[in-house]
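The residues making up each chain are set out below.
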Amino acid sequence: MPALTLTPAERAAHRGAAHHLEPVAMIGAGGLTEAVVAEVDAALKAHGLIKVRVLEGDRAQREAWLQELAERLDAAAVQHIGKLLVLWRPKPAAEKTPNPQRKPGPREYKIVKPAKQPGRRPEIKTVRVLGNQRLTAGGLVKKAKKRQKSAKKAAAAASA
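Please read all numbers here as calculations on a predicted model, not as lab measurements. (Residues numbered from 1 in each chain as written. Predicted model: local features only at pLDDT ≥ 70, side-chain atom pairs only at ≥ 80, totals over all residues. Heavy atoms only, no water.)

### Points about the nonpolar core
(1) Moving on: Core analysis: the biggest nonpolar cluster contains 20 residues, and I27, V40, V52, L69 and L87 have the highest contact counts within it.
(2) Moving on: Among the elements that make up this core, the one with the highest residue count is helix α2 (residues 34–47) (5 residues).
(3) Moving on: Dropping the residues within four chain positions of it, L69 is found in contact with I27, L32, V37, V40 and L87. (Core = buried A, V, L, I, M, F, W, Y, C linked by side-chain atoms within 4.5 Å. Buried < 20%, exposed > 50% of the residue type's maximum accessible area, 1.4 Å probe, protein only. Helix = DSSP H or I, 4+ residues; strand = E, 2+ residues; numbered from the N terminus. Contact = heavy atoms within 4.5 Å.)

Okay, structure coming up:
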């Protein structure tokens, strides 16, 4: 897979965003192993922009590892500064599956009340209505009342 290419402006923006990041993976004496590549891939999926610290090798070796990581993981090589490599890949869109048991959340309604004096603007108010509430015709929010239980039915259920 070819590595992503960035414009100079995008590269500068990613360098600035990566400044405060901590390295999430390290390349040690074993070099660029499959475990390191898998870890970098997982970090790119989770974060998008990551730093990798290299503990061994000279500058040419580190540059080669940066290019190899970028090509193997379809990422963009943002920066190689000292023993730090910065890689970027767009984060995949999160798949959201709806929960069938989840109840609907609060709803927001916009209430428009005409002004009391003619020629004035109407009063516009946004109201949040929760699941146990309802909105009256006059624009008031009323809570649901507890249902009354019959004394006879409660006594019959207790004796049964």
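### A word on a nonpolar patch on the surface
(1) Moving on: Taken together, the side chains of Y109, L135 and V141 make up a nonpolar region of the molecular surface, amounting to roughly 210 Å² of accessible area.
(2) Moving on: Considering the arrangement of structural elements, one finds Y109 in strand β5 (residues 107–113).
(3) Moving on: Its relative accessible area of 34% is what places Y109 among the partly exposed residues. (Patch = residues over 30% accessible without salt bridge, like charges linked within 9 Å, V, L, I, M, F, W, Y side chains within 5 Å. Areas by Shrake-Rupley, 256 points an atom, 1.4 Å probe, with all protein chains shown as cover. Salt bridge = Lys/Arg side-chain N within 4 Å of Asp/Glu carboxyl O.)

### Notes on the pairing of strand β4 (residues 84–88)
(1) Moving on: When you tally the buried positions in β4, you get 4 out of 5 residues, the bulk of the element.
(2) Moving on: Pairing between strand β2 (residues 49–54) and β4: 5 bridges, direction antiparallel. Within the sheet, the bridge partner assigned to V52 lies in β4 and is L85.
(3) Moving on: The sheet contact formed by strand β3 (residues 76–81) and β4 spans 5 bridges and is antiparallel. From the neighbouring strand, I81 faces β4, where its bridge partner is L84.
(4) Moving on: In sequence, β3 turns back onto β4 through a hairpin of 2 residues, with G82 there showing a positive phi of about 65°. (Pairing = 2+ DSSP bridges.)

### Here's the deal with the sheet that holds β4
(1) Moving on: If you walk across this open sheet you meet the 4 strands as β1-β2-β4-β3, and the pairing is mixed. Only two strands of the sheet have a single neighbouring strand rather than two, namely β1 (23–27) and β3. For this sheet, the mean inter-axis angle between neighbouring strands, taken without regard to orientation, is 25°.
(2) Moving on: Across the sheet, helix α1 (residues 8–18) lies against β2, β3 and β4, angled at about 60° from β3, the strand it touches most.
(3) Moving on: On the sheet, helix α3 (residues 59–72) packs against β1, β2, β3 and β4 and is oriented at approximately 160° with respect to β3. (Axes fitted to C-alpha atoms, helices over the stretch in contact; angles between N-to-C directions.)

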